[in-house]
Each structure stands twice: as C-alpha cells, then as structure tokens.
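Residue strings, one per chain:
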Amino acid sequence: MQLSSGSQGGMNIALSLFGLSGISWQRLWAYAASLSFTAALILTSFSPQPTAELSYLAAAASWFIHFFLSIGIVLGTAMLCVRLGLGRTPSLTAGILCLPVLLSPVSLLLDQWFSGTFSAPPGGIMQNLFDEFTSVGLSAVVCSAFFTIAASKLAAAVREHRKLLAAFPATEPMLRSALPNVPHNLGNDLIRIEAQGHYVNVVTADGKVLIKQPFAESVAALEEFTGLQCHRSHWLNLKHAKVIKRVGSAYACEMSNGDNVPVSRRKYSELRHKI
C-alpha cells in the first residue's frame, strides 16, 4: 500500500501519541489484527451475553471485527485531530469519545448479520441505535482508554529499555581469541596496542607485553572490539579513552591508565565524535 507523504507523516505523528513512531501501515494493521484476534479469542471463551447464542467461531469473528474496527476508529480519529492541529490530550480524548458514536451503527449491523435477522427492528432504527450506543458506550470508552494508556506506557518502557541497552556496549570477545600470543595473566581488558617494528606492544589493565605479529594483522583481529586505529602505529580501545588534548602541533588521547596515545589529524574528528 502506497501512501502520500502527508498521510504517512500524519500517521507517524498520530502513532507518536501512543508512544510509537516509524511504523508502516502494513505492520500497524498486522499488529492490530494480532491484538484483535487474541482479544476476541479470550473474550469469546467467557461466553459474553451479546454473542452467547452464536457458535464459538461466529462469536470470535464478531468480536474480532469489533476490536479491529475500534482500533481503526480511535487511530483514525486521533490522526484527523493531529492533522487539524490539536495536541496530544485532545486528540486522544477525541479518539476515545468518538469510538462509541462511530462503532454503534456498525455494531448493530454486525449483530443483525451474525444473527441472520435483517428485518426492521422494533422501535425503529434510531431507537435501536440509541440502545446500542448506551450498551456499548461505557465499555468502549473504558476499554479504549485502558488500551491507549497501556500501549503508551508499554512503548515508553521499551524505549527506556533500549536506552539502557545502548548505554552499555556489547560484551567484547576474549582477548586471546583475537591475539592468541597474549599471556593469560594480562586478562581481557584491552586498553591499546602499538606498532614497534615487526612487533606489537599490547597494553591491558593488568600490564603489557610485546608480541611478534604485524600491526595491520593485529588491528584486523580486533575488529569486534570497540576500538579505533587513531594513528598509523596506534590502536586504542574507545571505552578507555578519556580526553583528546593538544600536544604542541599534534594531538594525543589520554587513556584510563594515564598513557597518551598519538592521534593523527585525519583521525582527530572521528575520535572526538566517538568519545
């Protein structure tokens, strides 16, 4: 389904009212269908009075359509209010309050269709619409308000969880899996490495060692570590980088162990951005 940029933008703004954003129409309706299907099965299992005389499948289908349309009405009304310039609270309130008004005629038609009675109801159409409105009004408002608040709170909790995960870098692999020649007593907390001829000086929080291995090969082996080659002869672990400072006409990065690692002018901006 292709949408105009205005419609997509309005939907994204409306979804942000529920704590969601950046979701496509296809995924939105897939979520709505899944939620409606689950809610319909649960409610049907309690044999509620409005669908007590229907078969299980017919009752489940009836409730599925009710739930799915309810989601569409609330979301559509909220999106319209957003496009009209209303704020968060008025848009949500309008969506919730409009639900019973717009759902009542559809609910009445569904009841007649599933029961197989399409004759003119006693008391007239308007009276039956009013009766349907009074029967579904309060429950529709309460349920939509509950699900709206729950969706917003759940989305907020997910965002906070993602922030916490982002605040902690992924666990680095074992140092010896990348540099097998590093002794066990140097641990796994790598700070930096430095090229020294055909050797590499490996510095960890527990000490340092000189191993015979090409520097370029060592840097490639450390690909899964959160580091950066900041100079043609130096690589540093970003989690140990404290501050970049100017040393004469050059730059150096102060590490957590007090070492100063040279930083080339070409890598200065990238390193400053990452720390």
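It should be noted that the structure appears before, not after, this text.
Residues numbered from 1 in each chain as written. Predicted model: local features only at pLDDT ≥ 70, side-chain atom pairs only at ≥ 80, totals over all residues. Heavy atoms only, no water.

## Here we look at the environment of Leu 99
- Assignment of secondary structure puts Leu 99 in helix H4 (residues 88-115).
- With 29 residues separating them along the chain, Leu 99 and Ser 70 place their C-alpha atoms 6.6 Å apart. (Helix = DSSP H or I, 4+ residues; strand = E, 2+ residues; numbered from the N terminus.)

## As for a nonpolar patch on the surface
- Residues Leu 80, Leu 84 and Leu 86 make up a contiguous nonpolar surface patch of about 320 Å² in total accessible area.
- Of note, Leu 86 is situated in the loop between helix H3 (56-83) and H4.
- Residue class for Leu 86 comes out partly exposed when judged on its relative accessible area of 41%. (Patch = residues over 30% accessible without salt bridge, like charges linked within 9 Å, V, L, I, M, F, W, Y side chains within 5 Å. Areas by Shrake-Rupley, 256 points an atom, 1.4 Å probe, with all protein chains shown as cover. Salt bridge = Lys/Arg side-chain N within 4 Å of Asp/Glu carboxyl O. Buried < 20%, exposed > 50% of the residue type's maximum accessible area, 1.4 Å probe, protein only.)

## Some words on the sheet that holds strand S5 (residues 234-237)
- In space, the five strands of this open sheet follow the order S3-S2-S1-S5-S4, with antiparallel pairing throughout. Every interior strand has two partners, whereas the edge strands, strand S3 (207-212) and strand S4 (227-231), have only one. Adjacent strand axes in the sheet meet at a mean angle of 20° when their direction is disregarded.
- Pairing analysis gives three bridges linking strand S1 (residues 190-196) to S5, with the strands arranged antiparallel. Pairing of Ile 193 across the sheet is with Trp 235, part of S5. (Pairing = 2+ DSSP bridges. Axes fitted to C-alpha atoms, helices over the stretch in contact; angles between N-to-C directions.)

## A closer look at the nonpolar core
- The biggest cluster of nonpolar side chains holds 16 residues, and the ones touching the most others in it are Leu 179, Leu 190, Ile 193, Val 202, Leu 222 and Trp 235.
- Listing elements by their share of this core, those giving two or more residues are helix H6 (175-178), S1, strand S2 (199-204), S3 and helix H7 (215-221).
- When neighbours within four sequence positions are excluded, Ile 193 is seen to be in contact with Val 200, Asn 201, Val 202, Phe 215, Ser 218, Val 219, Leu 222, Ser 233, His 234 and Trp 235. (Core = buried A, V, L, I, M, F, W, Y, C linked by side-chain atoms within 4.5 Å. Contact = heavy atoms within 4.5 Å.)

## Brief notes about the sheet that holds strand S6 (residues 241-247)
- Sheet architecture is open: three strands sit in the order S6-S7-S8, paired in antiparallel fashion. The open sheet has two free edges, formed respectively by S6 and strand S8 (260-263), since each of these has just one partner strand. Across the sheet, the mean angle from the axis of one strand to that of its neighbour is 30°, orientation sign disregarded.
- In the sheet, strand S7 (residues 250-255) pairs with S8 via four bridges, with the strands oriented antiparallel. When the sheet's bridge partners are listed, Cys 253 is paired in S8 with Val 261.

Any link to function would need more than the numbers given here.
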